[in-house]
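Each chain, letter by letter, is given below.
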Amino acid sequence: MSKPKTLFEKVWDAHVVRAVDGEPTLLYIDLHLVHEVTSPQAFEGLRLAGRKVRRPDLTFATVDHNVPTTIDERFVIKDQIAAQQIATLRKNCEATGIPLFDIGSGQQGIVHVIGPELGLTQPGKTIVCGDSHTSTHGAFGALAFGIGTSEVEHVLATQCVAQKKPRSMRINVTGRLPEGTTSKDLVLEIIRRLGTDGGTGYVIEYAG
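Residues numbered from 1 in each chain as written. Predicted model: local features only at pLDDT ≥ 70, side-chain atom pairs only at ≥ 80, totals over all residues. Heavy atoms only, no water.

### Concerning the environment of Glu73
Then comes step 1: On the secondary structure map, Glu73 appears in the loop between strand E4 (59-62) and helix H3 (80-96).
Then comes step 2: Expressed as a C-alpha distance, the spacing of Glu73 and Lys5, which sit 68 residues apart in the sequence, is 50 Å.
Then comes step 3: Ignoring sequence-local partners within four residues, the contact set of Glu73 consists of Pro68 and Lys78. (Helix = DSSP H or I, 4+ residues; strand = E, 2+ residues; numbered from the N terminus. Contact = heavy atoms within 4.5 Å.)

### Details of the packing of helix H2 (residues 40-49) against H3
Then comes step 1: Put simply, H2 and H3 touch, their axes get as near as 10 Å, and they point 40° apart. In terms of orientation, H2 lies oblique with respect to H3. Crossing geometry of H2 relative to H3 is assigned as left-handed. Contacts between H2 and H3 involve Pro40, Phe43 and Arg47 from the first element and Thr88, Leu89, Asn92 and Thr96 from the second.
Then comes step 2: When grouped by side-chain class, the residues that make up the contact of H2 with H3 number three nonpolar, three polar and one charged. (Axes fitted to C-alpha atoms, helices over the stretch in contact; angles between N-to-C directions. Parallel < 35°, antiparallel > 145°, perpendicular 65-115°, else oblique. Left-handed = near helix turned anticlockwise from the far one by under 90°. Nonpolar A, V, L, I, M, F, W, Y, C, P; charged D, E, K, R; others polar.)

### Some remarks on the pattern of salt bridges
Then comes step 1: With the rule as written, the count across this model stands at seven salt bridges.
Then comes step 2: In this structure, Arg18 engages Glu23 in a salt bridge whose closest nitrogen and oxygen atoms are separated by 3.1 Å.
Then comes step 3: The partly exposed category is assigned to Arg18, whose relative accessible area is 46%.
Then comes step 4: Glu23 sits in the partly exposed class, given a relative accessible area of 43%.
Then comes step 5: As a salt-bridge pair, Arg90 and Asp102 come within 2.7 Å of each other at their nearest N and O atoms. (Salt bridge = Lys/Arg side-chain N within 4 Å of Asp/Glu carboxyl O. Buried < 20%, exposed > 50% of the residue type's maximum accessible area, 1.4 Å probe, protein only.)

### Regarding unusual backbone geometry
Then comes step 1: In the Ramachandran plot, Gln159 falls in the positive-phi region, its phi being about 65° despite a non-glycine side chain.
Then comes step 2: If you trace the backbone, Gln159 turns up in the loop between helix H5 (149-158) and strand E8 (160-163).
Then comes step 3: Since its relative accessible area comes to 1%, Gln159 is described here as buried.

### Details of the side chain of Asp30
Then comes step 1: Mapping Asp30 onto the fold places it in the loop between strand E2 (25-28) and strand E3 (31-34).
Then comes step 2: Nearest to the buried, unbridged Asp30 among oppositely charged side chains is Lys125, at 6.8 Å.
Then comes step 3: A distance of 2.5 Å separates polar atoms of two side chains, one belonging to Asp30 and the other to His15.
Then comes step 4: Here Thr126 takes part through its backbone nitrogen, which lies 3.0 Å from a polar atom of the side chain of Asp30.
Then comes step 5: Those residues in contact with Asp30 that lie beyond four places of it in its chain are His15, Leu58, Gly124, Lys125, Thr126 and Gln159. (Lys, Arg positive; Asp, Glu negative; His and termini not counted. Polar contact = N/O pair within 3.5 Å; in protein donor to acceptor, adjacent residues only side chain to side chain.)

### Considering the packing of aromatic side chains
Then comes step 1: Counting across every chain of the model gives two aromatic pairs.
Then comes step 2: For the ring pair Phe60 and Phe101, a centre distance of 6.1 Å and an interplane angle of 5° mean the geometry is stacked. In this pair, Phe60 is assigned in strand E4 and Phe101 in strand E5 (residues 100-101), connecting sequence segments 41 residues apart. Considered together, Phe60 and Phe101 belong to a single accessibility category, that of buried residues. (Phe/Tyr/Trp six-rings, centres within 6.5 Å; stacked < 30°, edge-to-face > 60°.)

### Some thoughts on the sheet that holds E2
Then comes step 1: The three strands are arranged E1-E2-E8 in an open sheet whose pairing can be described as antiparallel. Of all strands in the sheet, those bounded by a partner on one side alone are strand E1 (16-18) and E8. Across the sheet, the axes of successive neighbouring strands diverge by a mean angle of 40°, strand direction being ignored.
Then comes step 2: In this sheet, E8 lies alongside E2 in antiparallel orientation, the contact comprising four bridges. In the sheet register, Tyr28 faces E8, and the bridge partner there is Cys160.
Then comes step 3: Sheet strands in contact with helix H1 (residues 7-14) are E1, E2 and E8, and its direction is about 45° off that of E1. (Pairing = 2+ DSSP bridges.)

Below is the structure:
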């Protein structure tokens, strides 16, 4: 009989492109989310190397980090660096055929929120984005993690990313929450017990 697998192991194994002992695993990526801050250098790297975006149909961009939250200021960005980053993302998406959820499109928003809202985030997918909050897509049964700018370039060029396979940790929650407590209180208690770095190097699966 084959060894039972966790959800993480099933998703990971289904996306392995190349696995060699002593090297990071090459993992296929189903969904690549892009925003204006960590992508300019990645696109420039592609241009300098003469490479194209491998799967623009699996890549989606939005502006979120530099967009003012007040209605009046959303369309006229006063900060010149922020405005330049947004303009650069628009040019890069137009040049590569990557869909852009821009200001005023009705689909623009926080990059980790619009994925589920637009139905892009799905159970069983591998998802990456140049932002540390990408792991929140795990709530939908996806394997998601943040990547750096050089990795953003690698995914744009190959639709794959090199990753060391993390270990698994199961957290089993039992009993009833005291009156007045919420899921956030529960998470804060878990963090208190594990420590702020207690999940480093692990994929955490929750049960109970």
